[in-house]
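What the coordinates show
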Amino acid sequence: MKGLSKRIIPCLDVKDGQTVKGTNFVNLRQAGDPVELGKAYSRQGADELVFLDITASFEGRKTFTDMVSRVAREINIPFTVGGGINELADVERLLHAGADKVSINSAAIRHPELINEVSRRFGSQVCVVAIDARNDADGWHCYVKGGRERVELQLFDWAREVQDRGAGEILFTSMDHDGVKQGYANEALARLADDLCIPVIASGGAGRKEHFLDAFTRGKADAALAASVFHFGEIPIAELKEYLRKEGVNVRI
């Protein structure tokens, strides 16, 4: 078991101060208090957490920043926050509240220089670029606005540009796989892993322990992110890590 250990990352989508989870980016249902869930995941052996503000209106932003401060006080593993980050001042606010990293998505596509600015100002390790993409009839294309709007950026081209601009890692979500629990987009993941020298986090599709194994072996991912299988108790993190270790995957237990 060589190399860096593979990371297991629960993702908490936060709306109006509560954790929610949907399928294919819609049909949201509540999953509990994000701070309490985060504490539980930290105790269960999660390596990192991701909190996404999915209603980043002005009022939502204040609620979310308060939540980030509470998470930082209660949790001792690294966590990334995203949603509504459009400028350096947003990054500064969230890091000041206690976040370890920020995730930018639509803003990076609209204003790619933001990647350079965040990396220069705070270090590349702080800058995670999230890419939501779908395998359309004409290949893998990127989407913005929570998956509602396609842009004329091809997944693999954009991922290379993101790396060149100084991002520390990429969080790749396959929209076709999101919430349907049929496994990750392993072919696309493997191609990203081969193309890039920064870590790739797999997102979208976890339903069984085997799906995590496939993401690490077939998809060559550095980390696997999931939501509902953790929120609703379908796969305990400790059990998942024991399984992965038995299968020869280097995980931190």
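That block above? That's the structure.
To keep things clear, this report deals only with the structure shown in the data block. Throughout this document, residue positions are counted from 1 along each chain, in the order its sequence is written. Residues qualify for local features only when their pLDDT is at least 70, as the model is predicted, and side-chain atom pairs are given and counted only at 80 or more; totals for whole chains, interfaces and linings, by contrast, use all residues. Hydrogens and water molecules were not included; the side-chain quantities draw on all heavy atoms of the structure.

Topic: the overall build of the protein chain
Secondary structure elements are defined from DSSP: runs of H or I of at least 4 residues count as helices, runs of E of at least 2 residues count as strands, and each element is numbered from the N terminus. Looking only at helices and strands, one finds 10 helices and 12 strands in the protein chain. For the radius of gyration, the atom set is restricted to C-alpha positions; the globular benchmark scales as 2.2 Å times the number of residues to the power 0.38. In terms of overall dimensions, the protein chain is globule-like: its C-alpha atoms have a radius of gyration of 17 Å, near the 18 Å expected for 253 residues. Taking all 253 residues of the protein chain together, 55% fall into the buried category. At a minimum sequence separation of 6, the contacts of the protein chain that also span at least 24 residues come to 65%. Computed with the Shrake-Rupley method and a 1.4 Å probe, the accessible areas treat only the protein chains shown as cover for residues. When the accessible surface of the protein chain is summed, it comes to about 11,100 Å², and 47% of that surface belongs to carbon and sulfur atoms. Each residue is placed in one exposure class: buried if its accessible area under a 1.4 Å probe, protein chains only, is under 20% of its type's maximum, exposed if it is over 50%, and partly exposed if it falls in between. In this analysis, two residues are considered to be in contact whenever any of their non-hydrogen atoms come within 4.5 Å of each other.

Things to note about the nonpolar core
If you look at the biggest cluster of nonpolar residues, it comprises 74 residues, and the most contacted ones within it are Phe51, Phe172, Phe212 and Leu244. Here the element with the most residues in this core is helix 6 (residues 155-164); it accounts for five residues. Ignoring anything within four residues of it in the chain, the contact list for Phe172 reads Ile131, Ala133, Trp140, Leu155, Ala185, Ala188, Leu189, Leu192, Ile201, Ala202 and Ser203. Core analysis: the second largest hydrophobic core is formed by nine residues, Ile9, Cys11, Val128 and Ala223 among them. To define a nonpolar core, start from buried Ala, Val, Leu, Ile, Met, Phe, Trp, Tyr and Cys residues and group those joined through side-chain atoms within 4.5 Å.

A short note on the packing of aromatic side chains
Ring geometry is summarised as follows: Phe, Tyr and Trp rings, the Trp one being its six-membered ring, pair when their centres sit within 6.5 Å, and such pairs are stacked at plane angles under 30 degrees, edge-to-face over 60 and tilted between the two. Overall, the coordinates contain five aromatic pairs when judged by the stated rule. The interplanar angle of 70° and the centroid separation of 5.9 Å between the aromatic rings of Tyr184 and Phe212 together place this pair among those described as edge-to-face. Of the two residues, Tyr184 is situated in the loop between strand 10 (169-174) and helix 7 (186-195) and Phe212 in helix 8 (residues 209-217); the sequence distance between them amounts to 28 residues. Both residues of the pair, Tyr184 and Phe212, count as buried. Taken together through their ring pairs, the aromatic side chains of Tyr41, Tyr184, Phe212 and Phe230 make up a single cluster.

Topic: the layout of surface pockets
Cavities and pockets are found on a 1 Å grid laid over the protein atoms alone: a cavity is a set of points where a 1.4 Å probe fits but cannot escape, a pocket is an open set with protein on both sides within 12 Å along at least five of seven lines, and a lining residue has an atom within 4 Å of such a point. Grid points are joined across faces, edges and corners, and a volume is the space filled by probe spheres set on the points. Taken as a whole, the second largest pocket encloses approximately 160 Å³ of empty space. For the second largest pocket, the full set of lining residues is Leu4, Ser5, Lys6, Arg7, Pro199 and Asp222. Class assignment for the residues of the lining of the second largest pocket results in two nonpolar, one polar and three charged. Asp, Glu, Lys and Arg are counted as charged, while Ala, Val, Leu, Ile, Met, Phe, Trp, Tyr, Cys and Pro are counted as nonpolar; the rest, among them Gly, fall into the polar class.

With respect to the side chain of Thr65
Mapped onto the elements of the fold, Thr65 is located in helix 2 (residues 58-74). Counting of polar contacts relies on pairs of N or O atoms within 3.5 Å, with two restrictions inside protein: one atom must be capable of donating a hydrogen and the other of accepting it, and residues adjacent in sequence are counted only when both atoms are side-chain atoms. Separated by 2.8 Å, the side chain of Thr65 and the backbone oxygen of Arg61 make a polar contact. Discounting chain neighbours no more than four positions away, the residues touching Thr65 are Arg93, Leu94 and Ala97.

A look at the environment of Arg120
On the secondary structure map, Arg120 appears in helix 5 (residues 113-122). Once the C-alpha coordinates of Arg120 and Gly166 are considered, the two residues, 46 residues apart in sequence, prove to be 8.0 Å apart.

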